[in-house]
Amino acid sequence: MKTLIALILAVAISVAPTVAQETRSVTVANGVFEIPTAPQRIVSLNDQIVTLPLYELGAPVIGSAGRTAEDGTHFLRGGMDTLGIDYSNTDIAYVGGFNQLDVEAIAALEPDLIIGGLYTDAKVIEQLQSIAPTLVVDNADLGFIDTLRTLADITGQSGRFEAEYQRYLDNVERARSFIGNTGDISVATTFMFPAAEELWVYKANLGAITRVIDDLGFAKPKAIADLSEPQMTFSPELIQELDADFVFGFYRQQADATPTTVRAAYEKFSPGWCQTLAACRNNQFVLLPGPSFGSSMTSLELALELVESHIAGRGFTPLAE
């Protein structure tokens, strides 16, 4: 470990920029840091939560943690689905997995700012401090919008973010005017992997989709509204408690998560579930594409359009009292 730290320090010193940058002080989850006012070389330690929002805001991301497919190729989770980007069609370099970072690869990129989250090993964060200011953004504590706002602030993109966020808020009001009294419509948000091992239900914290549902003002089934955590697993015998006017699920989060396999997984988890839930019997169980629960403004706009089209753009059978 001492040898590795010494190597990092040597590399960091050797690649230190010769021209001083104007700096400012910022406070994040892991402390107070002096960072460049206008960072030019940013490395992200999480693809979906950090890289995609920064890229769409125009921040100069030069390296990012990512995922590895079964064939060994690296990819940005959600990158092609939401923004049409990946390592193959951008100048973003792969720097390891979010939980297995390549410190030497990061140092070689000569970043002037590194951004990660609480999911990054604290010891690795300390190592990275020898290369560039390494900020930890607590997205779980901040929530969807304040995470994006924080990322925009520390990378000098606040003006662009606020303009895009205001456009989204305007679109929320437009959607609400088409839907009507959203408080009279109940919506449940669920997540099922193809293996059908667990059913997750979400009160919050499923990225864009739960933010949109809250911003539109939909009601939640009591079982979800009463959750003690933002998300929890539900047992098969309790599935009826999730019934609502509309129940959302998701596909395309992984290669084998097609609409067919995900629907089959619900049936395997709770045989007869579609007859149990009025939402499913009435064809108001809707599978949305995975990017609609992403962590970017693009995901937010997509989720809003999907929810509006499935609720405002059709008649539906209200859940019986």
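Residues numbered from 1 in each chain as written. Predicted model: local features only at pLDDT ≥ 70, side-chain atom pairs only at ≥ 80, totals over all residues. Heavy atoms only, no water.

An unreviewed UniProt entry annotates the protein chain as ABC transporter substrate-binding protein of Devosia neptuniae. Here the protein chain is described in UniProt, under the heading Sequence similarities (unreviewed entry), as follows: "Belongs to the bacterial solute-binding protein 8 family." Note on the protein chain: under the UniProt heading Subcellular location (unreviewed entry), the record states "Cell envelope". (UniProt positions renumbered as here; feature names shortened; annotations may be inferred.)

Visitor: Talk me through the sheet that holds strand E14 (residues 285-289); I want residue IDs and the actual numbers.
Guide: Taken in spatial order, the five strands of this open sheet run E12-E11-E10-E13-E14, and their pairing is mixed. If you trace the sheet from one side to the other, it starts and ends with strand E12 (231-234) and E14, each paired once. Between one strand axis and the next, the sheet turns by 35° as a mean value, whatever way the strands run. Two strands pair when backbone bridges link them, and strand E10 (residues 187-192) and strand E13 (residues 246-251) are joined in this way by three bridges, in the parallel orientation. Its bridge partner being in E13, Val187 is matched across the sheet by Phe246. With respect to the sheet, helix H8 (residues 208-216) is in contact with E10, strand E11 (199-202), E13 and E14, its orientation differing from that of E10 by roughly 175°. (Pairing = 2+ DSSP bridges. Helix = DSSP H or I, 4+ residues; strand = E, 2+ residues; numbered from the N terminus. Axes fitted to C-alpha atoms, helices over the stretch in contact; angles between N-to-C directions. Contact = heavy atoms within 4.5 Å.)

Visitor: A description of the nonpolar core should follow, citing residues and the corresponding values.
Guide: Core analysis: the biggest nonpolar cluster contains 35 residues, and Ile209, Leu216, Phe218 and Ile311 have the highest contact counts within it. Elements supplying a minimum of two residues to this core: helix H6 (139-154), helix H7 (158-179), E10, H8, E13, E14 and helix H13 (297-311). The leading source of residues in this core is H13, at seven residues. Setting aside its immediate chain neighbours within four residues, Ile209 contacts Thr189, Phe250, Leu288, Ser292, Phe293, Ala303 and Val307. (Core = buried A, V, L, I, M, F, W, Y, C linked by side-chain atoms within 4.5 Å. Buried < 20%, exposed > 50% of the residue type's maximum accessible area, 1.4 Å probe, protein only.)

Visitor: Any details on the state of the cysteines? Residues and values, ideally.
Guide: Inspection of every chain in the model, using the stated rule, returns one disulfide. Disulfide pairing is shown between Cys274 and Cys280; the S-S distance is 1.9 Å. The chirality of the disulfide connecting Cys274 with Cys280 is left-handed, given an S-S dihedral of about -85°. Residue Cys274 is classed as partly exposed on the basis of its relative accessible area, which comes to 23%. Classification of Cys280 by relative accessible area gives buried; the value is 8%. (Disulfide = S-S within 2.5 Å.)

Visitor: Can you lay out the environment of Tyr165 for me, pointing to particular residues and giving the numbers?
Guide: Mapped onto the elements, Tyr165 comes out in helix H7. In this structure, the C-alpha to C-alpha distance between Tyr165 and Ala257, residues 92 residues apart in sequence, is 31 Å. The residues touching Tyr165, leaving out its near neighbours within four places in the chain, are Ile145, Arg149, Arg211 and Met297. Separated by 3.3 Å, the side chains of Tyr165 and Arg211 make a polar contact. (Polar contact = N/O pair within 3.5 Å; in protein donor to acceptor, adjacent residues only side chain to side chain.)

Visitor: Before we move on, could you go through the pairing of strand E4 (residues 61-68) and cite the residues and values that matter?
Guide: Most of E4 is tucked away: seven of the eight residues are buried. Relative to E4, strand E3 (residues 42-44) runs parallel, the two being bridged by three bridges. Of the residues in E4, the one forming a bridge with Ser44 is Ser64. Bridge count for E4 against strand E5 (residues 74-75) is two bridges, and the pairing is antiparallel. When the sheet's bridge partners are listed, Thr68 is paired in E5 with His74. Here E4 hands over to E5 after five residues, with Gly72 in that stretch at a positive phi of 95°.

Visitor: Explain the UniProt feature "domain: Fe/B12 periplasmic-binding" (unreviewed entry) in the protein chain to me, using residue names and the numbers behind them.
Guide: Under the feature "domain: Fe/B12 periplasmic-binding" (unreviewed entry), the UniProt entry names residues 41-315. Along residues 41-315 one finds 41% helix and 20% strand; the C-alpha atoms at either end are 50 Å apart.

Visitor: Could you give an account of unusual backbone geometry, with specific residues and numbers?
Guide: In the Ramachandran plot, Glu110 falls in the positive-phi region, its phi being about 55° despite a non-glycine side chain. The topology assignment puts Glu110 in the loop between helix H4 (103-108) and strand E8 (113-117). The residue Ala196 is not glycine, and still its phi comes out positive at about 65°. As for its placement among the helices and strands, Ala196 is situated in the loop between E10 and E11.

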